[in-house]
Amino acid sequence: MSASAPLLSLSVAKCPSSDAALTNMVYLSPADAAVVDAAAGKSHLAGAPSRNIRLISQHAGRGPFVFVYAADPKIADGTVGLSGMQRKTAQVSMRELLAVEVYAPKVAGSVTLGMIELEVSFRKKTDATDEELNTDVMSAGFLRDFVGQVFTVGQDVLLDYRGIMLVLRVADLRRDGAADAAGRPPRDGLVVDATQIVFTSSNDSAARVKLSGDAAAGPSLFKSDWNFEDLGIGGLDDEFSSIFRRAFSSRTFSPSLIKKLNIRHVKGVLLYGPPGTGKTLMARQIGKMLNAVEPKIVNGPEIFSKYVGDSERNIRELFADAEADQAQYGDSSPLHIIIFDEMDAVVRQRGSRSGDTGAGDQVVNQLLSKIDGVDELDNVLIIGMTNRKDMLDEAILRPGRLEVHIEVSLADYEGRIQIFNIHTKSMRENGLLGTDVSIEELAAATKNYTGAEIAGVVKSASSFALSRHVDVAGMGAGAAAGGDPADTLRVTRDDFLRALEEVRPALGSSDEDYNLIMRAGMIEYGPAFAGLMDAASLLVQQIKRSARTSLVTAVIAGAPGCGKSSIAVKLAADSDIPFVRVISADKFVSLSELSKCDRIVQTFLDAYKSPVSVLIIDDIERILGYSALGARYSNPVLQTLMAYLNKPPPEGHSLIVFATSSSLQALEALGLLSIFDGVLSVPSLTTGAEVTAVLDGLDAFEPAARARVAANFSGSVPIKKLIMMVEMAREAVNPADKFEELLLSNQLDGMVKLN
């Protein structure tokens, strides 16, 4: 809609009579009405009402609203007669000046309404009744009184229903025609005989209305003024779409239709996924966008009590209000939302708590009976959140209980852009975000960051910007360098880059493992090494690009000291895969067999949370506790590895596993070698050219000494042993001679003799 210039400024006065108050019309003096009539005739469009005006408050009230006007001699010139309901709706006071415009749509096409949804409440508590109000009768009365009038979202109107005064509030409407020129949904429209009238029971009424009939719908579910950005939610569009379709769509239709379909509303939604991805935020904000009773939020452990029976009573009390409303209002009952945070603490698999008295199992039983027991409730929605779906009792996950399972995983590139825009919105609006900051660049650099970690990046970047304006000498007095920093403070690209170094993703790569294994660097020493790296790179590209491959496993095998671990880490570092974990024997020291198995399982589960992951099982024989003497090993650890190396990741996720081994014979004897897809053999140095390449890479000795070493070299030597000999020889008086001596001893005896 586009407004014309104001015709008049009129002072608010009372409606001329109590009967006139029921018409929803506004009243002008005959002279003022003539002015509007003349203007209305000039601006009238086909399909638009010709005797409607828009009233606009000069203050920040609600609206503007559109009303049919009529002339009344009781109204003085320069005033407009409004009923008490109209003044309350528009939030205007007596004698307040209102601008008057002709309601003249500039968009061609129909403004008639195909549907209007009205929330029903009693005007007075004394009018309240337990009897059901027939919506078919109400619909006929509404059309009788208000056909030809324009209604706006949020507008209130009175309806006389068999002597009971009802307040009808416009909750939603849909036109037969198009949206406005900007593509926005309409806020108003014209009621005609063919308009579908839908009635819902208002949640704001102290005494709720019971409705019956084909025009009755459940309570209006969604608030009309919410959007994702204002709720602070980003990167979860698909998850919200799934929740709305499965959990809320049935609640937007009339109870009579749902009964004809013979279906029941969804009772529960389970949100699961890694910590920090927005599960708790999503659950809390769902409560804000719904026209429902204030959600009850329960932190899992709070349910339990040391007193016998108190834990079960706490569960019953959560449902008490919903039970009372269901008994009193039936299908018109408001929706009650119960949010369980850390739900695995409440509904853990029965019988899994060691040393438990059984109180935990009783809590599970009580919750199950409340959700869909004998007296099941249709006005309850349970939202549970957990990081460990595998720990929940299976009975809670079946249809009829928490049947909608939504994985809240890591945000993709577009999702991260949304999250950054949300967290930098205030900076941007207040001119505090540097012009060199690219949200797209930050989103590309934060693969596998959760929403909470992205918020941490923004906070860290802000701290770097603030620190530039802190007067260290005057901090005791709270002084800032250069006076008020608001004029000069900017959060720049450099601040964000420093923040990315400071805030690392929990599901990212382990820099500590990288640096420890790769501290000596990587030297490419010949065609054999290049062929190995090319073959391994093909496996990495396969797991990243192939739509048919979700799991690749390979053994990187070779003699001790040939660089197997470094090659595995190098492949992971060059892959640009955001999640890399190293399972190494040193992390298993002093752990029991059960703890080792738990650690392995948790590492695989973490890998499944990332779209693409790399796992490196370093020195797999040591992890298994294998000893050639008596062929001893840990069978529980072996069985755990075999199970997970054979198990494909969840749909939509991919995993590549590199295991390093110095004894393929041991893996074959254990039956583990056949589990892997293939073997990458790492050769030792066997030619003088390869030794020379390593010496060149280390910048060791003079060229003539290198040539002499290469000419005299025979046999084989692992690269790490060669590097160790070079570094040892550097400390000698004659480094080249010492190196040749050490290398010769290795060639003769297969070991380096130090004296």
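Our structure's up above, just so we're on the same page.
Residues numbered from 1 in each chain as written. Predicted model: local features only at pLDDT ≥ 70, side-chain atom pairs only at ≥ 80, totals over all residues. Heavy atoms only, no water.

A. Spotlight on the overall build of the chain. Each helix and strand counted, the chain has 26 helices and 24 strands in total. The long-range share in the chain, meaning contacts at least 24 apart out of those at least 6 apart in sequence, stands at 79%. For the chain, the exposed area adds up to about 35,100 Å²; of that, 51% sits on carbon and sulfur atoms. (Helix = DSSP H or I, 4+ residues; strand = E, 2+ residues; numbered from the N terminus. Contact = heavy atoms within 4.5 Å. Areas by Shrake-Rupley, 256 points an atom, 1.4 Å probe, with all protein chains shown as cover.)

B. Structural view of the environment of Leu377. Among the structural elements, Leu377 can be located in the loop between helix 10 (359–372) and strand 18 (380–386). Spatially, the C-alpha atoms of Leu377 and Ala327 are 9.7 Å apart, while their sequence positions differ by 50 residues. With residues up to four places along the chain from it excluded, the contact list for Leu377 reads Lys267, Phe319, Ala322, Glu323, Gln326 and Ile371.

C. Representation of the packing of aromatic side chains in the model. Using the criterion set out here, one finds six aromatic pairs in the structure. Aromatic pair Phe146 and Phe151: ring centres 5.7 Å apart, planes at 90°, arrangement edge-to-face. Pair check on accessibility: Phe146 and Phe151 agree, each one buried. In this structure an aromatic cluster arises from ring pairing among Phe142, Phe146 and Phe151. (Phe/Tyr/Trp six-rings, centres within 6.5 Å; stacked < 30°, edge-to-face > 60°. Buried < 20%, exposed > 50% of the residue type's maximum accessible area, 1.4 Å probe, protein only.)

D. Expanded view of the sheet that holds strand 11 (residues 164–175). Strand order in the open sheet made by the four strands is 10-11-7-13, with mixed pairing throughout. Each edge of the sheet is formed by a strand with only one pairing partner; in this case those strands are strand 10 (156–161) and strand 13 (196–201). With strand direction ignored, the average angle separating the axes of adjacent strands in the sheet is 35°. Pairing of strand 7 (residues 113–122) with strand 11, which is carried by nine bridges, proceeds in the antiparallel orientation. Note on strand 11: the bridge partner recorded for Leu118 is Val170. Sheet strands touched by helix 4 (residues 135–146): strand 7, strand 10, strand 11 and strand 13. Its angle to strand 10, the strand with the most contacts, is close to 120°. (Pairing = 2+ DSSP bridges. Axes fitted to C-alpha atoms, helices over the stretch in contact; angles between N-to-C directions.)

E. Expanded view of the packing of helix 6 (residues 237–248) against helix 8 (residues 279–289). The contact between helix 6 and helix 8 brings their axes to 13 Å, and the two run at 55°. Our classification of the angle between helix 6 and helix 8 gives oblique. The hand of the helix 6/helix 8 crossing is right-handed. Along the contact surface, helix 6 presents Glu239, Phe240, Ile243, Phe244 and Phe248, while helix 8 presents Met282, Ile286 and Met289. A class-by-class count of the residues in the contact of helix 6 with helix 8 yields seven nonpolar, no polar and one charged. (Parallel < 35°, antiparallel > 145°, perpendicular 65-115°, else oblique. Left-handed = near helix turned anticlockwise from the far one by under 90°. Nonpolar A, V, L, I, M, F, W, Y, C, P; charged D, E, K, R; others polar.)

F. Inspection of helix 9 (residues 310–329) at higher detail. Under the 1.5 Å per step criterion, the end-to-end length of helix 9 is 29 Å for 20 residues, consistent within 8% with the ideal 28 Å. Taking the largest bend as the criterion, helix 9 deviates by roughly 40°, centred on Phe319. Listed as buried for helix 9 are Asp310, Ser311, Glu312, Ile315, Leu318, Phe319, Ala322, Asp325 and Tyr329. Just downstream of helix 9, Gly330 is the residue with a positive phi angle, here 60°. (Expected span 1.5 Å × (residues − 1). Bend = angle between axes of the 7 residues up to and from the residue.)

G. View of a nonpolar patch on the surface. A surface patch of nonpolar side chains, about 360 Å² in accessible area, is lined by Phe253, Leu257, Leu261 and Ile263. Note on placement: Ile263 falls in the loop between helix 7 (255–261) and strand 15 (268–272). (Patch = residues over 30% accessible without salt bridge, like charges linked within 9 Å, V, L, I, M, F, W, Y side chains within 5 Å. Salt bridge = Lys/Arg side-chain N within 4 Å of Asp/Glu carboxyl O.)

H. Main features of the packing of helix 14 (residues 451–467) against helix 15 (residues 493–502). In contact at an axis separation of 8 Å, helix 14 and helix 15 are set at 125° when each is read in the N-to-C sense. Relative to helix 15, the element helix 14 is oriented oblique. Relative to helix 15, helix 14 is oriented so that their crossing is right-handed. In contact with Val457, Val458, Ser460, Ala461, Phe464 and Ala465 of helix 14, helix 15 contributes Asp495, Phe496, Arg498, Ala499, Leu500 and Glu502.

I. Structural view of the sheet that holds strand 21 (residues 579–584). Strands sit in the order 21-22-23-20-24 across an open sheet of five strands; the sheet is parallel. Bordering the open sheet on either side are strand 21 and strand 24 (678–681), each of which pairs with just one other strand. Sheet twist, expressed as the average angle between the axes of neighbouring strands with direction ignored, equals 20°. Two strands pair when backbone bridges link them, and strand 22 (residues 612–618) and strand 23 (residues 654–661) are joined in this way by six bridges, in the parallel orientation. In the strand pairing of strand 23, Leu615 is matched with Val657. Sitting on the sheet, helix 21 (residues 635–646) touches strand 20 (551–557), strand 22 and strand 23, and the angle it makes with strand 20 is about 130°.

J. Spatial organisation of the nonpolar core. Of all hydrophobic cores here, the largest spans 49 residues; its most connected members are Phe658, Val694, Phe701, Leu722 and Phe739. Shared between two domains, this core holds at least three residues of each, these being domain 5 (511–681) and domain 6 (688–747). Those residues in contact with Leu722 that sit more than four places away from it in its chain are Leu685, Val691, Val694, Val717, Phe739 and Leu743. Within the second largest apolar cluster, 34 residues are counted, among which are Phe604, Ile617, Ile623 and Val657. (Core = buried A, V, L, I, M, F, W, Y, C linked by side-chain atoms within 4.5 Å. Domains from an automatic or database assignment.)

K. Focus on the pairing of strand 21. Most of strand 21 is tucked away: five of the six residues are buried. Relative to strand 22, strand 21 is paired through six bridges, and the arrangement is parallel. Bridging from a neighbouring strand, Val580 pairs with Val614 of strand 22.

L. Spatial organisation of the side chain of Ser661. Looking at the element boundaries, Ser661 is found in strand 23. The contacts of Ser661, once residues within four sequence positions are left out, are Val555, Ile556, Ala557, Gly558, Lys564, Ile620, Glu621 and Leu667.

M. Here's a closer look at unusual backbone geometry. Located in the positive-phi region is Asn24, a residue other than glycine, with phi close to 65°. Within the secondary structure layout, Asn24 lies in the loop between helix 1 (18–21) and strand 2 (26–28). Unlike most non-glycine residues, Asn448 shows phi in positive territory, near 70°. Mapped onto the elements, Asn448 comes out in the loop between helix 13 (439–444) and helix 14. Of the residues examined, Asn448 reaches a relative accessible area of 5% and is grouped as buried.

N. Helix 23 (residues 688–698), seen in detail. Considered for burial, the residues of helix 23 that qualify are Gly688, Glu690, Val691, Val694, Leu695 and Leu698. One face of helix 23 carries all of its buried residues, which in axial projection span an arc of 165°. Turned more than 90 degrees away from the buried face of helix 23 sit Ala689 and Gly697, all of them exposed. Note on helix 23: the residue one or two positions beyond its end, Asp699, has a positive phi of about 50°. (Arc of directions from axis to C-beta.)

O. Structural context of the pattern of salt bridges. For the coordinates displayed, the defined rule picks out 20 salt bridges. For Arg313, the salt bridge is made with Glu317, and the minimal N-O distance between the two is 3.8 Å. With Arg313 and Glu317 both in helix 9 and four residues apart, the pair spans about one turn of that helix. The class for Arg313 is partly exposed, based on a relative accessible area of 39%. Given a relative accessible area of 47%, Glu317 falls into the partly exposed group. Salt bridges sharing partners connect three or more residues here, namely Arg54, Glu101 and Asp188.

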